[in-house]
Amino acid sequence: MAILELKNISQEFGGLRALDSVNLQVQEQDIFGIIGPNGAGKTTLFNIITGIYVPTEGNLVFKGQQLNKLPAYKIARLGIGRTFQNIRLFNKLSVLDNVRVGSHGVTRSTFIEGMLGLPATRREERQVFADARQLLELVGLDHKEMEYAENLSYGEQRRLEIARAMALKPALLLLDEPAAGMNAGEKEDLMKLIRLIRDENKLTIILVEHDMNLVMNICERIAVFDYGKKIAEGTPNEIKNNERVIESYLGVGV
Ligand SMILES: Nc1ncnc2c1ncn2[C@@H]1O[C@H](COP(=O)(O)OP(=O)(O)OP(=O)(O)O)[C@@H](O)[C@H]1O
């Protein structure tokens, strides 16, 4: 079943058509890759899915519900989490607190209830700590929970961003260039982590990535964008052998 459907989505910035009549269906529990040259519209697509932009045209359906015009925080609460191309952590907060902050879209207690220390609120807080620690274990950062985020290596910061996005308990997780700046070893670990997250949490992952080895290895399906248009979609093998994709993006010898 499709968890996410984009129907004829277009996005214009002034005279520039950053996305042009895009149709896309992402099936539940797939790892779905989005690739294409710089400026193809990949991040714009993520910004539309997460409600940062309202598309100029078209409809967006998540789990059967139309998302258009919902503000970003409501879309997040419906179960769409994301990481960003440029890491956006709270540098002066601990690793653990960065994840706890991420869960605040799904907790029920208000600030005042928190101040009063009501039993239900204390129970919820304990749960938030336990969940955050579990996520840190999942991404292999449990031994660093009291470190400042700024003291982590680049690869660790990227993994912390994933843990924070997971704190919202998303059904759909969007990863914007998760391997950017990572060395070969870190990329190997990341591939394992992405598969593990999908398998353990039964969620759907869409990732934008320039690293073709990673994309071809972990994605079940891939869509290719160029100048705002989806120019191809298929399995990694179909994409590797697609003439148009080779010509406009992959080049020879992939
Ligand atoms: N807020 C904006 N205002 C004006 N133009 C924008 C805006 N956001 C994106 N664009 C333009 O839309 C086009 C698509 O940009 P986008 O960032 O989505 O590409 P991308 O495929 O993610 O590229 P990259 O791989 O470099 O991250 C580009 O020409 C970009 O300059």
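Residues numbered from 1 in each chain as written. Predicted model: local features only at pLDDT ≥ 70, side-chain atom pairs only at ≥ 80, totals over all residues. Heavy atoms only, no water.

## What about the overall build of the chain?
- Secondary structure assignment for the chain yields ten helices and ten strands.
- Scaling as 2.2 N^0.38, a compact globule of 254 residues should have a C-alpha radius of gyration of about 18 Å, and the chain matches this with 19 Å.
- Structurally, the chain occupies a C-alpha span of about 60 × 40 × 35 Å along its principal axes.
- Residues classed as buried in the chain amount to 48% of the 254 residues present.
- Once local pairs closer than 6 in sequence are excluded, the contacts in the chain between residues at least 24 apart make up 66%.
- For the chain, the exposed area adds up to about 12400 Å²; of that, 49% sits on carbon and sulfur atoms.
- A gap of 5 Å separates the mean positions of the 31 positive and 33 negative side-chain charges of the chain. (Helix = DSSP H or I, 4+ residues; strand = E, 2+ residues; numbered from the N terminus. Rg over C-alpha atoms; globule rule 2.2 N^0.38 Å. Buried < 20%, exposed > 50% of the residue type's maximum accessible area, 1.4 Å probe, protein only. Contact = heavy atoms within 4.5 Å. Areas by Shrake-Rupley, 256 points an atom, 1.4 Å probe, with all protein chains shown as cover. Lys, Arg positive; Asp, Glu negative; His and termini not counted. Charge placed at Lys NZ, Arg CZ, Asp CG, Glu CD.)

## Details of the site of the ligand
- Taken together, 15 residues lie near the ligand, and N38, G39, K42, T43 and T44 sit nearest.
- Contact distances for the ligand include 2.5 Å between an oxygen atom and a side-chain N or O atom of T44.
- Bound to the protein, the ligand loses 64% of the 640 Å² it would expose on its own.
- Among the elements of the structure, strand 2 (16-27) and helix 1 (42-49) are those that each provide at least two residues to the shell around the ligand.
- Counting residues per element, the shell around the ligand draws most heavily on helix 1, at three residues.
- Residues that form the shell around the ligand fall into these classes: six nonpolar, seven polar and two charged. (Near = heavy atom within 4 Å. Polar contact = N/O pair within 3.5 Å; in protein donor to acceptor, adjacent residues only side chain to side chain. Nonpolar A, V, L, I, M, F, W, Y, C, P; charged D, E, K, R; others polar.)

## Description of the packing of helix 3 (residues 95-102) against helix 6 (residues 154-166)
- Remark: helix 3 packs on helix 6, axes separated minimally by 7 Å, with the N-to-C direction vectors making an angle of 35°. Every pair of crossing elements has a handedness; the one defined by helix 3 and helix 6 is right-handed. Facing V95, N98, V99 and G102 of helix 3, the residues of helix 6 in contact are L160, A163 and R164. (Axes fitted to C-alpha atoms, helices over the stretch in contact; angles between N-to-C directions. Left-handed = near helix turned anticlockwise from the far one by under 90°.)

## Points about the sheet that holds strand 1 (residues 2-13)
- Strand order in the open sheet made by the four strands is 2-1-4-5, with antiparallel pairing throughout. Only two strands of the sheet have a single partner each, and these edge strands are strand 2 and strand 5 (65-66).
- Packed on one face of the sheet, helix 1 meets strand 1, strand 2 and strand 4 (57-62) and runs near 115° to strand 1. (Pairing = 2+ DSSP bridges.)

## Some points on the domain arrangement of the chain
- Along its sequence, the chain is organised into domain 1 (1-79 + 170-254) and domain 2 (91-168).
- Relative to domain 2, the C-alpha centre of domain 1 lies at a distance of 26 Å.
- Residue-level contacts link 19 residues of domain 1 with 13 residues of domain 2.
- Regarding the contact of domain 1 and domain 2, the summed buried area is about 1300 Å², with carbon and sulfur atoms giving 72% of it.
- When the area that domain 1 buries against domain 2 is broken down by residue, the three leading residues are R77, P170 and L193, summing to 32%.
- On inspection of domain 1 and its partner domain 2, the count reaches one residue pair in polar contact (both at pLDDT 80 or more). (Domains from an automatic or database assignment. Buried area = accessible area lost by both parts, 1.4 Å probe.)

## Considering the environment of I205
- Looking at the secondary structure, you find I205 in strand 8 (residues 204-208).
- Each C-alpha atom, one on I205 and one on G185, is 22 Å from the other, the two residues being 20 residues apart in sequence.
- Look past the residues within four positions of I205 in its chain and what remains in contact with it is D30, I31, F32, L173, L175, I194, I197 and R198.

## Looking at unusual backbone geometry
- You will see that K63, though not glycine, has its phi angle at about 50°, which is positive.
- With respect to the helices and strands, K63 occurs in the loop between strand 4 and strand 5.
- With phi around 50°, E177 is a residue other than glycine that occupies positive phi space.
- In this structure, E177 sits in the loop between strand 7 (172-176) and helix 7 (184-201).
- Classification of E177 as buried rests on a relative accessible area of 11%.

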